[in-house]
Amino acid sequence: MTISTPQTMYEKLWQTHLVEAAKGETPLLYVDRHLIHEVTSPQAFANLRFHNRPVRHPERTIATMDHNISTRSIKIDAAGEGAANQLRALGINCKDFGIELFDMGHKNQGIAHVIGPELGLTLPGTIIVCGDSHTATHGAFGALAFGIGTSEVEHVFATQTLRQNKAKTMKIEVKGHVGAGISAKDIILAIIGKTGSAGATGHVVEYCGEAIEALSMEERMTVCNMSIEFGAKAGLIAPDQTTFDYVEGKEYAPKGDVFEQAVADWKKLKSDTDATFDAVLTLDAKDIKAQVTWGTNPGQVISVDGIVPSPEDFSDPVEKESCVNALKYMNLTAGTKMTDIHVNKVFIGSCTNSRIEDLRAAAGVVQKYEGQQVVETIDAIIVPGSYRVKEQAESEGLDKIFTDAGFEWRLPGCSMCLGMNDDVLEEGDRCASTSNRNFEGRQGRGSRTHLVSPEMAAAAAITGHFVDLNA
Amino acid sequence: MEKFNTHTGLVVPLDIANVDTDQIIPKQFLQKTERVGFGVHLFHDSRYLDHDGTQENPDFVINKPEYKGASILLAGENFGCGSSREHAPWALQEYGFKVILASSFADIFYGNCINVGLLPIQLSETEIEQLFKLAPNAQLTLTVDLPNNTVTCGELSFTFSLNEFQQYSLENGVDSVGWTLDKLDTIKAFEAKMPAWQ
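Going along each chain's sequence as written, the residues are numbered from 1 onward. The order in which chains are written sets their letters, starting at A; the order in which ligands are written sets their numbers, starting at 1. Local features in a predicted model are, by the rule used here, given only for residues with pLDDT of at least 70; side-chain atom pairs are given and counted only at 80 or more, and totals for whole chains, interfaces and linings are based on all residues. Values reported for side chains reflect all heavy atoms of the structure, with hydrogen atoms and water molecules removed beforehand.

So, about the overall build of chain B. Within chain B, the secondary structure is distributed over eight helices and seven strands. When its C-alpha atoms are laid out on the principal axes, chain B stretches across 60 × 45 × 25 Å. Only protein chains enter the accessibility calculation, which uses a 1.4 Å probe; a residue is then buried when its area is under 20% of its type maximum, exposed when over 50%, and partly exposed in between. When burial is assessed residue by residue, chain B has 59% of its 198 residues classed as buried. Taking contacts inside chain B between residues at least 6 apart in sequence as the whole, the part at least 24 apart equals 64%. A total of about 8300 Å² of accessible surface is found on chain B, and carbon and sulfur atoms cover 47% of it. Only four residue types enter the charge count, namely Lys and Arg as positive and Asp and Glu as negative; His and the chain termini do not. Where a charge sits is defined by one atom per residue type, namely NZ (Lys), CZ (Arg), CG (Asp) or CD (Glu). For chain B, the distance from the average position of its 13 positive side-chain charges to the average position of its 26 negative side-chain charges is 5 Å. Numbering goes from the N terminus for both helices and strands, where a helix is a DSSP run of H or I of at least four residues and a strand is a run of E of at least two. Contacts were defined at the residue level, with two residues in contact if any of their heavy atoms lie within 4.5 Å. Note that accessible areas follow from Shrake-Rupley with a 1.4 Å probe, and for residues the cover is restricted to the protein chains shown.

Shown next, in the form of C-alpha cells:
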C-alpha cells in the first residue's frame with residue numbers, strides 16, 4: 001500500500017490538468033473553458049491570422065460583449081466609434097473562427113464572469129481562463145480560474161493549453177458566522193484590509209471556514225472575484241452540495257449520468273485534511289463589520305463605524321507614504337468619520353456585485369427607507385450583470401423599486417467599474433461603488449471611488465453618505 | 001519575439017509603490033484592435049496635464065529632460081498590479097523601455113512582460129533602494145546581462161534569476177505558440193483520457 005501525500009485543492013486541480021512537465025520547460029496545463037470579450041482578444045486573433053492558425057477548440061471558447069458597451073442602448077455604436085470598432089471586430093473574429101458569441105441584445109449576453117456561472121459554462125474541477133483579471137470569480141465553484149494577457153489568449157486559442165509556474169498556496173479561514181447585515185463584499189474587503197493589496201502575490205488562495213461554507217454561490221463569487229485585489233493568482237472555494245445544486249440543470253452543464261459522474265469527481269476536489277499550505281490566515285467572522293475603502297487601493301479599507309486613518313497610523317514607510325498620497329487624491333482628512341463622507345455618484349453593478357442577490361439586497365435597503373428618494377444631487381445607476389439577471393430582477397419588480405426611488409435602471413455591461421464606455425465619473429466626483437477597484441482614475445480621471453457592498457451603496461444613494469446599517 | 005541578450009541604458013526612477021495597470025495605460029486607450037499606438041499614452045494621467053495629452057506635466061519624472069531616452073524603468077514594489085491588460089507592457093515597450101527593475105511585480109503583469117519580450121527583473125528591496133538613492137543624483141546607466149543574470153552599474157553588481165524556460169524563451173526569441181503546437185500529440189493524448197463531463 002502506498003501512502004499518498006495530502007494535497008490541497010489547488011494541487012489536485014494542477015495534477016488533473018498537467019499535460020506535460022518537460023525538463024527545462026514551464027509546465028503545460030490544459031484549459032477547459034476560455035471566455036473572451038472585445039477588449040483583450042483582437043490582437044490575439046490577428047496573430048492567429050498572421051500565422052494561419054485555427055482556434056483549436058472553438059466549442060470550449062465563448063465570447064461576450066461586455067467591457068465597452070453602452071448601458072443605455074443595444075446599438076453597437078452607442079458607446080462611440082472606438083468601442084464599436086472593437087465590438088464589430090469581435091463579431092467578425094467569432095464568425096471566422098467558429099466561436100459562439102453573445103452579442104448586443106442576445107438573451108445570454110452579459111459580463112463574462114456573470115454569464116459563465118449562470119449558463120453552467122463554469123464547472124467545478126476545471127481550468128477557466130479569460131483575458132480579464134476578475135476571472136478568479138469562477139474559483140467559487142472549485143475551478144482554477146485566472147486572468148491572462150493577450151499573448152496567452154492567443155496561446156489558448158491555438159493550443160487549448162497554457163504554460164504556468166506552480167503558485168504557492170494560502171489558506172484563508174473565516175471562522176464562525178458573520179453578524180446580521182454583513183455581506184460577502186464586507187468579508188472580502190475585511191480580508192484584503194488584513195493582507196494588504198499585495199498580500200497574496202504568488203499564491204493561490206483557498207477560502208474556507210464556516211462563514212465561507214454558509215455563503216450562497218453568488219456570495220462566494222463576490223469573495224473569489226476580488227482575489228486579484230490582494231495579488232492572488234486565483235481564489236478557490238471547495239465545491240459542496242450548494243455548488244452542485246446551483247450547477248444542476250444549467251443550460252451548458254452536463255446532464256443525467258454524466259452529471260452524476262461529474263459530482264462524484266467534484267466531491268474529491270476539496271483539500272485533504274492534512275494538506276499543508278505555504279501561508280495561513282485566520283479571521284473571526286463575528287469581528288467583520290460593514291466595510292468602506294478610504295484610499296486608492298482595495299487594501300486601504302476600514303469599517304464604516306471607523307475614521308479615515310492618518311499616515312501616523314502606519315509603521316511601514318511605504319504604507320505611510322501611500323496613505324499620504326491616497327488622502328490627497330481622495331481629498332480626505334485623517335480623523336473624519338466614514339459616515340460623514342458624502343458622495344455624489346452611486347454605482348451598483350460590476351462582476352463583483354451585479355447578480356440577482358446583490359440587486360435584491362440593494363432593493364431591500366431602498367425599501368427600508370420607505371419611500372425616500374435618492375438625494376437630488378446624486379446620480380445613482382444600477383447596472384445588472386447580464387440580460388438574465390435583468391429579466392429576473394424585472395420579473396420580481398426590483399427595477400420598479402429602484403426607479404420609483406430615483407435610481408436609473410440600465411442595460412447590462414461592465415459599465416462604470418472601469419468606465420470604458422460613457423459611464424465615466426467626472427474629475428472630483430465621489431462615488432459609492434460596488435465594483436472592485438478604487439485605483440486613481442479608474443472610474444474617470446481625478447474621480448474618487450469608495451468600494452462598498454450593494455446595501456451600503458443603496459443607503460448612500462438615499463442618505464447622501466455612508467451609513468452603518470447595523471448600528 | 002525579439003531576442004534579448006544584453007542591454008545598456010539610462011535609468012528613470014519612478015519611486016511609487018503599487019503602480020497599477022490603470023495608471024500605466026488608462027482604459028480610454030484600450031479601444032484599439034492593433035498592438036501599436038499605446039506608447040504615447042503611457043502613464044497618461046501623470047504624464048499630461050490635460051485630458052487630450054497635449055501638455056506634458058513637467059513635474060512627472062519621465063518628462064524631465066535628464067531622463068529623456070531612458071530605457072530602464074526603476075519602479076516601486078508591486079509594480080503592475082490590477083488588470084490583465086497586456087496593453088500595459090505594450091505601452092512601456094513602445095515608449096522605449098527594455099527592462100523594468102522592481103522589488104516585486106504583480107503576477108499577471110510579470111508574465112505579460114515576459115511574453116512580449118520586456119524584461120522584468122526582481123531585485124531585493126535593499127538593492128532597489130540602493131539604486132533609488134543613486135538615480136536622482138546622477139544619470140544612472142545600467143547594463144543588464146541576461147545570459148549571465150547580472151545587473152551592473154559602475155562598481156555595483158547584482159544578480160537576478162528567471163524561470164528556466166522564460167530565460168530560454170527571452171534569449172532565443174521563442175515563438176511560444178509554435179513551441180507548444182509541436183507537442184500537439186501529447187495534448188491530444190491528454191484529451192483522450194479526460195472524463196466525459198470535462
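Below, the discussion takes up the nonpolar core. Taken as a class, soluble globular proteins show a tendency for nonpolar side chains to be buried jointly. Here, nonpolar core means buried Ala, Val, Leu, Ile, Met, Phe, Trp, Tyr and Cys residues that are tied together by side-chain atoms lying within 4.5 Å of each other. Grouped together as the largest cluster of nonpolar side chains are 110 residues, with contacts concentrated most on A:Phe407, B:Phe43, B:Phe79, B:Leu92 and B:Leu101. Core analysis: the second largest hydrophobic core is formed by 80 residues, A:Ala63, A:Met221, A:Phe244 and A:Leu269 among them.

Each pair of aromatic rings taken from Phe, Tyr and Trp, with Trp reduced to its six-membered ring, is defined by centres within 6.5 Å and is described as stacked if the planes are under 30 degrees apart, edge-to-face if over 60, and tilted in the remaining cases. Inspection of the entire model under this criterion finds 18 aromatic pairs over all chains. Judged by centre distance (6.0 Å) and plane angle (85°), the ring pair of A:Phe259 and A:Trp266 falls under edge-to-face. Here A:Phe259 falls in the buried class, since its relative accessible area comes to 4%. An aromatic cluster of three or more residues is present, and its members are A:Phe244, A:Phe259, A:Trp266 and B:Trp197. Only Lys NZ and Arg CZ are tested; either one counts as a charge over a ring when it is within 6 Å of the ring centre and within 35 degrees of the ring normal. A cation over an aromatic ring shows up here: A:Lys250 above the ring of A:Tyr246, its NZ or CZ 4.1 Å from the ring centre.

A few words on the packing of helix H12 (residues 356–368) of chain A against helix H15 (residues 454–463) of chain A. All names here are of chain A. Put simply, H12 and H15 touch, their axes get as near as 8 Å, and they point 35° apart. In the packing of H12 onto H15, the handedness of the crossing is right-handed. Residues Asp-358, Ala-361, Ala-362, Val-365 and Val-366 of H12 pack against Pro-454, Glu-455, Ala-458, Ala-459 and Ile-462 of H15. Across the contact of H12 with H15, the residue classes tally to eight nonpolar, no polar and two charged. Only the stretch in contact is used when a helix axis is fitted, and all axes are lines through C-alpha atoms; the angle between N-to-C directions ranges over 0 to 180 degrees. Here is the rule for handedness: rotate from the far helix to the near one, and if that takes an anticlockwise turn smaller than a right angle the crossing is left-handed, while a clockwise turn gives right-handed. Side-chain classes follow a simple rule in which Ala, Val, Leu, Ile, Met, Phe, Trp, Tyr, Cys and Pro form the nonpolar group, Asp, Glu, Lys and Arg form the charged group, and the remainder, Gly included, forms the polar group.

What follows concerns the sheet that holds strand E4 (residues 119–122) of chain B. Residue and element names in this part refer to chain B. Strand order in the open sheet formed by seven strands is E4-E3-E2-E1-E5-E6-E7, with mixed pairing between adjacent strands. Here the strands that pair on one side only, and so sit at the sheet edges, are E4 and strand E7 (156–159). Pairs of neighbouring strands in the sheet enclose a mean axial angle of 25°, with direction left out of account. Two strands are counted as paired when DSSP detects at least two bridges linking them. In this sheet, strand E3 (residues 99–102) lies alongside strand E2 (residues 72–75) in parallel orientation, the contact comprising three bridges. Across the sheet, residue Leu-73 finds its bridge partner in E3, namely Ile-100.

Here we take up the interface of chain A and chain B. Listed as interface residues are 76 residues of chain A and, on the opposing side, 58 residues of chain B. Buried area counts how much accessible surface, traced with a 1.4 Å probe, disappears from two parts once they are put together, with both parts' losses summed. When the two sides are added together, the surface that chain A and chain B hide from each other amounts to roughly 5100 Å², 52% of it contributed by carbon and sulfur. Only one rule defines a salt bridge in this text: a Lys or Arg side-chain nitrogen within 4 Å of an Asp or Glu carboxyl oxygen. On the surface where chain A and chain B come into contact, there are seven salt bridges. Across the pair B:Asp175 and A:Arg53 runs a salt bridge, and its minimum N-O distance is 2.8 Å. Here a polar contact means two N or O atoms within 3.5 Å. Within protein one must be a hydrogen donor candidate and the other an acceptor candidate, and residues neighboring in sequence count only if both atoms are side-chain atoms. Applying the counting criterion to the chain A and chain B interface returns 33 residue pairs in polar contact (both at pLDDT 80 or more). Tallying contributions element by element places helix H5 (residues 150–159) of chain A first for the side of chain A that touches chain B, with seven residues. For the side of chain A that touches chain B, the residue count by class is 23 nonpolar, 36 polar and 17 charged.

All names here are of chain A. Ordered by their spatial adjacency, five strands build an open sheet running E5-E4-E3-E6-E7, and the pairing between neighbours is parallel. Strands at the two margins of the open sheet, each flanked by one partner only, are strand E5 (100–102) and strand E7 (144–147). Going across the sheet, the axis of each strand differs from the next one's by a mean of 20°, ignoring polarity. Direction of pairing for strand E3 (residues 33–36) relative to strand E4 (residues 61–64): parallel, over a ladder of three bridges. Counted as the bridge partner of His-34 is Thr-61 from E4.

The next thing to look at is the pattern of salt bridges. Applying the stated criterion across every chain yields a total of 31 salt bridges over all chains. Residues A:Arg410 and A:Asp423 are paired through a salt bridge, measuring 2.9 Å at the closest nitrogen-oxygen approach. Highlighted residues: A:Arg410 in the loop between strand E17 (408–409) and strand E18 (430–433) and A:Asp423 in the loop between E17 and E18, separated in sequence by 13 residues. In terms of burial, A:Arg410 and A:Asp423 fall into one category: buried. Residues participating in the shared-partner salt-bridge network are A:Glu20, A:Glu25, A:Arg163 and B:Lys183.

Residues and elements named next belong to chain A. Of note in the backbone geometry, Ser-415 takes a positive phi value of approximately 55° without being a glycine. Within the secondary structure, Ser-415 sits in the loop between E17 and E18. In this structure Ser-415 comes out as buried when scored by relative accessible area, which is 0%.

Its place among the elements puts A:Thr159 in helix H5. Measuring from C-alpha to C-alpha, the distance between A:Thr159 and A:Lys255 comes to 27 Å, with 96 residues separating the pair along the chain. Once you skip the residues sitting within four places of it in the chain, A:Thr159 turns out to touch A:Arg56, B:Val177, B:Thr180, B:Leu181 and B:Ile187. A distance of 2.7 Å separates the side chain of A:Thr159 from the side chain of A:Thr161, its partner in a polar contact.

As a further point, take the side chain of A:His34. Residues and elements named next belong to chain A. Its place among the elements puts His-34 in strand E3. We classify His-34 as buried; its relative accessible area is 1%. The residues touching His-34, leaving out its near neighbours within four places in the chain, are Arg-60, Thr-61, Ile-62, Val-129, Cys-130, Ile-148, Val-153, Val-156 and Phe-157.

A word on the pairing of strand E6 (residues 150–153) of chain B. Residue and element names in this part refer to chain B. With three bridges joining them, strand E5 (residues 141–145) and E6 adopt antiparallel strand pairing. From the neighbouring strand, Val-144 faces E6, where its bridge partner is Val-151. Turn length for the E5-E6 hairpin, with the two strands adjacent in sequence and antiparallel, is four residues, and the turn residue Asn-149 shows positive phi of about 55°. Sheet analysis places E6 next to E7, joined by four bridges and oriented antiparallel. Following the sheet pairing, Thr-150 is matched in E7 by Thr-159. Hairpin connection, E6 to E7: the antiparallel pair is bridged by two residues, and Gly-154 has positive phi, about 60°.

Bringing the confidence of the model for chain B into the picture now. Residue-level pLDDT values for chain B average 96, and 100% of them are 70 or greater. Interface confidence in the predicted complex, given as ipTM, is 0.97; pTM for the same model is 0.97. The predictor reports its confidence for every residue as pLDDT, a score running from 0 up to 100.

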